[in-house]
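Listed below are the residues making up each chain.
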Amino acid sequence: MTTTIPSTQRAAQIHTFTHPLTILPSHPVPNPSALAPNECLVKIECAGVCQSDLHARNGDWGQKPTLPRIGGHEGVGRVVAIGEGTVQGEGGDGGGDGVVEVGDRVGLKWLARTCLRCEFCRKGNESSCKRQKVHGYTVDGTFAEYVVAWVDYVTPIPDTLDSAAATAILCAGLTVYKGLKHCNARAGDWIAIPGAGGGLGHLAVQYAVTMGLRVLAIDTGAPKRELALSLGAEKWIDFKESGDNLIKDVIAATDGLGPHSAIIAAGAALPYNQALWYLRSTGTLVAVGLPGGKPLEAPFGLLVGKELKIIGSAIGSRQDAIEAMDHAVRGKVKCHYTTRKLEEIESIFAEMSAGTITGRVILEI
Amino acid sequence: MSYNIPKTQIAAVVTSSDAPIEIRADHPVKAQVDLAPGECLVKLVSTGVCHTDLHARNNDWPIPAKTPLVGGHEGVGHIVAIGDNTPDSPVKIGDRVGIKWLAYSCLDCEQCRNGLEQNCPKAKLSGFNVDGTFAQYAVSYVHHVTPIPDSLESNAAASILCAGLTVYRALKYSDAKIGNWVALPGAGGGLGHLAIQYATAMGLRVLAIDTGAEKKKLCTELGAEKWIDFKETKDIVKAVQEACDGLGPHCAIVTAASGSGYSQAVDYLRSGGTLMAVGLPGDAKLEASIFFTVFKSITIKGSYVGNRQDAIEALEIAARGQAKVHYELQALSDLKGVYEAMEEGKVAGRIVLDMSK
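Reading the values: rules and limits
- Residues numbered from 1 in each chain as written.
- Chains lettered and ligands numbered in written order.
- Predicted model: local features only at pLDDT ≥ 70, side-chain atom pairs only at ≥ 80, totals over all residues.
- Heavy atoms only, no water.
- Core = buried A, V, L, I, M, F, W, Y, C linked by side-chain atoms within 4.5 Å.
- Buried < 20%, exposed > 50% of the residue type's maximum accessible area, 1.4 Å probe, protein only.
- Helix = DSSP H or I, 4+ residues; strand = E, 2+ residues; numbered from the N terminus.
- Lys, Arg positive; Asp, Glu negative; His and termini not counted.
- Salt bridge = Lys/Arg side-chain N within 4 Å of Asp/Glu carboxyl O.
- Contact = heavy atoms within 4.5 Å.
- Phe/Tyr/Trp six-rings, centres within 6.5 Å; stacked < 30°, edge-to-face > 60°.
- Arc of directions from axis to C-beta.
- Pairing = 2+ DSSP bridges.
- Right-handed = clockwise from strand over helix to strand, strands pointing away.
- Axes fitted to C-alpha atoms, helices over the stretch in contact; angles between N-to-C directions.
- Parallel < 35°, antiparallel > 145°, perpendicular 65-115°, else oblique.
- Left-handed = near helix turned anticlockwise from the far one by under 90°.
- Nonpolar A, V, L, I, M, F, W, Y, C, P; charged D, E, K, R; others polar.
- pLDDT = per-residue confidence, 0-100.
- Domains from an automatic or database assignment.
- Buried area = accessible area lost by both parts, 1.4 Å probe.
- Polar contact = N/O pair within 3.5 Å; in protein donor to acceptor, adjacent residues only side chain to side chain.
- 1 Å grid on protein atoms, 1.4 Å probe; cavity = no way out; pocket = protein on both sides within 12 Å on 5 of 7 lines; lining within 4 Å.
- Points joined across faces, edges and corners; volume = space filled by probe spheres on them.
- Patch = residues over 30% accessible without salt bridge, like charges linked within 9 Å, V, L, I, M, F, W, Y side chains within 5 Å.
- Areas by Shrake-Rupley, 256 points an atom, 1.4 Å probe, with all protein chains shown as cover.

1. Describing the nonpolar core
One recurring pattern in soluble globular proteins is that nonpolar side chains are buried together. Counting residues in each nonpolar core, the largest one holds 49 residues, and the members touching the most others are A:L41, A:V42, A:V49, A:L108, A:F143 and A:L363. Of all the elements, strand β3 (residues 39-49) of chain A adds the most residues to this core, at six residues.

Have a look at this one:
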């Protein structure tokens, strides 16, 4: 297969924090002959929009992206070039389950690559690698036509899953899937999922159902209620209707004892704090969201008195990504998405902030 | 720093399973320019001798060893060369590193991603399907050689790389908790005497099982709380159970070369206990009463060497002085005699070959 690689491309770039992304019409494409060993150039087909991209745009977090920076970290595309001197297999990196070749369809995630050698990587905790490279943050990302990635880190996309369907599994799916692995739940346990109608939430509902959990979906409005229930949630609570009675309502809905666990991807602290009140004793709160501002408030009477576990879970490893993708391939998890164009990125961010997006937005690049 | 790498070296070569070991003085050394990306050349200082090397030499396992073969997989030395175009080498020339059984794994398959590097389908095994450390120089892999902590001298580090690592990992995955009893058949041997120390470091109570006054002394000095001489005991299962609160140990780490050591463990283990099967006898079968395995909620786990993280942890414990190898130094040219002593069960602790002799 031959592909002509152009010298310029369209890309959305963070230039100044809190300012709109600049849509560059002729941004240079990385030179394929200048790719280092282990690098590859990927032509992006679809890119998901994640709330973290908004945090990156605004420089919300302590550690900020290096600027200027092409945003985006959830993409599917085809490898069009591989760095000269790349060795896959014997003695080199990669080449385990399959050597990455030009023409392969691959997924890009938050982690562009990790060192695979440090204590964190050796233990499978790639998310904590201190030498990680992050797409859309410390290296360019998927809001572009062509992006540099790493052959030993991209996730293979099986032929039976189309690109738009696979895209949100790479960050949203991965994140909730790995979080659920840590929620100490057994089949038949109750799990509360605040934000069940959102990008991560609606995937969490499906993974939880696949794991045999009974899902209490929490969100607001009829479209999200319909989505959550159609995906297998057993019960639904509208937090706006419950108001101050939310905690009482959650406990009542889960056998009068509270759910065994809660997985929360919300962008505000309140749902996390509420969870500590409604969780069953010895229950687990898995926090995967990254709200800026207020911290988690865990009164000792709750934490110790109820013997709760609070677990922070960040994205996931290559193995988690492959497992998360496998569930999607087998049809157990389907992303609900709408497709938009790269140029609409700012209006998508505005809708995200207003909470009006159901499911995921996937950009067709 | 640059090293003068010779073209030939002294190496112990086995050309077939019924041929004697040849100590050759003209065995070729791979030149730096011939090293593939990811490969490194290590100049060896010490190497331990493991019973597995004997199995490799005799080719008596269900999986075949290569021939001709340079055996050995407990080597310590310095990196003298690294292949060109090696991306992101975590080690550099001059570093002191260990070569263990698992010389290489791909780090990209399901097993490797899950940390079970030793079960990588593309694994290369030192002194088995690639040449090993019974030589002055060995080719190994930058991403898998294990850095040796500065405070641990090379002769002391060598046998941690296989014997120490293997028993450490078995204990790590045994579910044994602080205060639990662990039975160690073969406690006076190469692996056993290290198992006593790692178990003690982990807060376990050790019942050492072996034979003879010399091994009894060694085991007790190393921290075993109780001792059973299997040759002097008529009913081993009863004796073990009595020694462990009358209920049996919570765990047994079995490195034996015959099936009986394992079957007995299923009988003497406390309910809910775990048998960690560590030995690698080629033909033996583990026979366990299905009824009692189920009725007593016994777990039987196979534990095979360890991954990079296990190796680093095992060495750190040794570097802090909590696991000391009892070894006797010999020379590479003594290897034949070492194998004979091993076959006769005469080796207490470990034999380490000092490459400078």
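Picking up where we left off.
2. Examining the side chain of A:E39
All names here are of chain A. Mapped onto the secondary structure, E39 falls in strand β3. No salt bridge is formed by the buried E39; the nearest opposite charge belongs to K133, separated by 6.6 Å. Setting aside residues no more than four positions away along its own chain, E39 makes contact with I82, G83, T86, V148, A149, W150 and V151.

3. Overview of the packing of aromatic side chains
All names here are of chain B. Counted by the stated rule, this structure contains twelve aromatic pairs over all chains. Between F291 and F295, the ring centres sit 5.3 Å apart and the planes meet at 20°, which makes this aromatic pair stacked. Placement of the pair is F291 and F295 together in helix α9 (residues 290-295), with a separation of four residues, close to one helical turn. With respect to burial, F291 and F295 carry one shared label: exposed. Their ring planes at 80° and their centres at 6.5 Å tell us that F292 and F295 sit as a pair that is edge-to-face. With F292 and F295 both in helix α9 and three residues apart, this pair spans about one turn of that helix.

4. Let's talk about helix α6 (residues 222-230) of chain A
Residues and elements named next belong to chain A. Buried within α6 we find K224, L227 and A228. Considered in projection along α6, the buried side chains sweep an arc of 95° and stay on one side of the axis. For α6, the exposed residues lying more than 90 degrees away from the buried face are A222, E226 and S230. Here the buried face of α6 lies against α5 (201-210), β12 (214-219) and β13 (235-238).

5. Quick word on the pairing of strand β17 (residues 327-330) of chain B
The side chains of a regular strand alternate between both faces of the sheet. All names here are of chain B. Looking at chain direction, β17 and strand β18 (residues 350-354) are connected through four bridges and run parallel. Directly across from Y327, in β18, lies its bridge partner R350. Considered for its hand, the β-α-β crossover made up of β17, helix α11 (residues 335-343) and β18 is right-handed.

6. Notes on the sheet that holds strand β16 (residues 299-302) of chain B
Strand pairing in a sheet relies on backbone hydrogen bonds, with the paired strands running either antiparallel or parallel. Residues and elements named next belong to chain B. Ordered in space as β13-β12-β11-β14-β15-β16, the six strands form an open sheet in which the pairing is parallel. What marks the edges here is a single partner per strand, and that holds for β13 (226-229) and β16. Along the sheet, successive strands turn relative to each other by an average axial angle of 20°, direction set aside. One ladder, built from four bridges, connects strand β14 (residues 251-254) with strand β15 (residues 274-277); its direction is parallel. Opposite C251, over in β15, you have T274 as the bridge partner. Together, β11 (181-185) and β12 (205-210) form the strand contacts of helix α5 (residues 192-201), whose direction differs from that of β11 by roughly 170°. Contacting β11, β12, β14, β15 and β16, helix α8 (residues 260-268) runs over the sheet at an angle of about 180° to β14.

7. Remarks on the packing of helix α8 (residues 246-253) of chain A against helix α9 (residues 270-278) of chain A
Residue and element names in this part refer to chain A. At a closest axis distance of 9 Å, the pairing of α8 and α9 adopts a crossing angle of 50°. For the element pair α8 / α9, the angle class is oblique. As for how α8 packs across α9, the hand of that crossing is right-handed. Residues L246, I247, V250 and I251 of α8 lie in contact with α9, whose contacting residues are Q274, W277 and Y278. Taken together, the residues of the contact of α8 with α9 break down into six nonpolar, one polar and no charged.

8. Considering the sheet that holds strand β2 (residues 22-28) of chain A
With antiparallel pairing, three strands are arranged side by side in an open sheet as β2-β1-β4 (chain A). The open sheet has two edge strands with one neighbour each: β2 and β4 (69-70) of chain A.

9. Quick notes on the confidence of the model for chain B
A low pLDDT means the predicted coordinates there should not be read in detail. Looking at chain B, the pLDDT average stands at 93 and 99% of residues meet or exceed 70. Taken together, the chains of this predicted complex give a pTM of 0.87 and an interface ipTM of 0.79.

10. Remarks on the domain arrangement of chain B
All names here are of chain B. Per the domain assignment, the segments making up chain B are domain 1 (8-162 + 306-354) and domain 2 (164-302). Summarising the inter-unit geometry, the C-alpha centres of domain 1 and domain 2 are found 27 Å apart. Contacts between domain 1 and domain 2 engage 29 residues on the former and 22 residues on the latter. Buried area between domain 1 and domain 2, both sides added, is near 2000 Å², and the carbon and sulfur share of it is 56%. Three residues stand out in domain 1 for area buried against domain 2, namely C162, D310 and H326, and they jointly supply 22% of the buried area on that side. Summed over the shared surface of domain 1 and domain 2, the result is three salt bridges. Residues K172 and D310 are paired through a salt bridge, measuring 2.6 Å at the closest nitrogen-oxygen approach. For the pair domain 1 and domain 2, the number of links is 16 residue pairs in polar contact (both at pLDDT 80 or more).

11. What to know about the layout of surface pockets
Residue and element names in this part refer to chain B. Roughly 1100 Å³ of volume is contained in the second largest pocket. What lines the second largest pocket is a set of 44 residues, and nearest its centre among them are H51, G186, T255, A256 and A257. Elements supplying a minimum of two residues to the lining of the second largest pocket: α1 (51-58), α4 (160-172), β12 and α8. Per-element accounting of the lining of the second largest pocket gives the leading share, four residues, to α8. Here the lining of the second largest pocket is built from residues that sort into 20 nonpolar, 19 polar and five charged. Residue-level mapping places the lining of the second largest pocket at the junction of two domains, with at least three residues from each of domain 1 (8-162 + 306-354) and domain 2 (164-302).

12. Points about a nonpolar patch on the surface
Residues B:F291, B:F292 and B:F295 make up a contiguous nonpolar surface patch of roughly 370 Å² in combined accessible area. The exposure class of B:F292 is partly exposed, given its relative accessible area of 41%.

13. Looking at the pattern of salt bridges
Residues and elements named next belong to chain B. In this structure the tally under the stated criterion is 35 salt bridges over all chains. Between E313 and K172 there is a salt bridge; the shortest N-O distance is 3.0 Å. Of this pair, E313 sits in helix α10 (residues 308-319) while K172 sits in helix α4, and the two are 141 residues apart along the sequence. A relative accessible area of 14% places E313 in the buried class. With a relative accessible area of 30%, K172 lands in the partly exposed category. What emerges from the salt-bridge pattern is a single network uniting R169, K172, D310 and E313.

14. Topic: the packing of α4(B) against α10(B)
Residue and element names in this part refer to chain B. Remark: α4 packs on α10, axes separated minimally by 9 Å, with the N-to-C direction vectors making an angle of 105°. Our classification of the angle between α4 and α10 gives roughly perpendicular. Across from I160, L161, G164, L165, Y168, R169 and K172 in α4, the residues of α10 making contact are D310, A311, E313, A314, L315, I317 and A318. Here the contact of α4 with α10 is built from residues that sort into nine nonpolar, one polar and four charged.

15. Quick word on the environment of A:G83
Residue and element names in this part refer to chain A. Positionally, G83 belongs in the loop between β5 (75-82) and β6 (105-108). On the basis of relative accessibility, which here comes to 4%, the residue G83 falls in the buried class. Spatially, the C-alpha atom of G83 lies 53 Å from that of W277, the residues being 194 residues apart in sequence.

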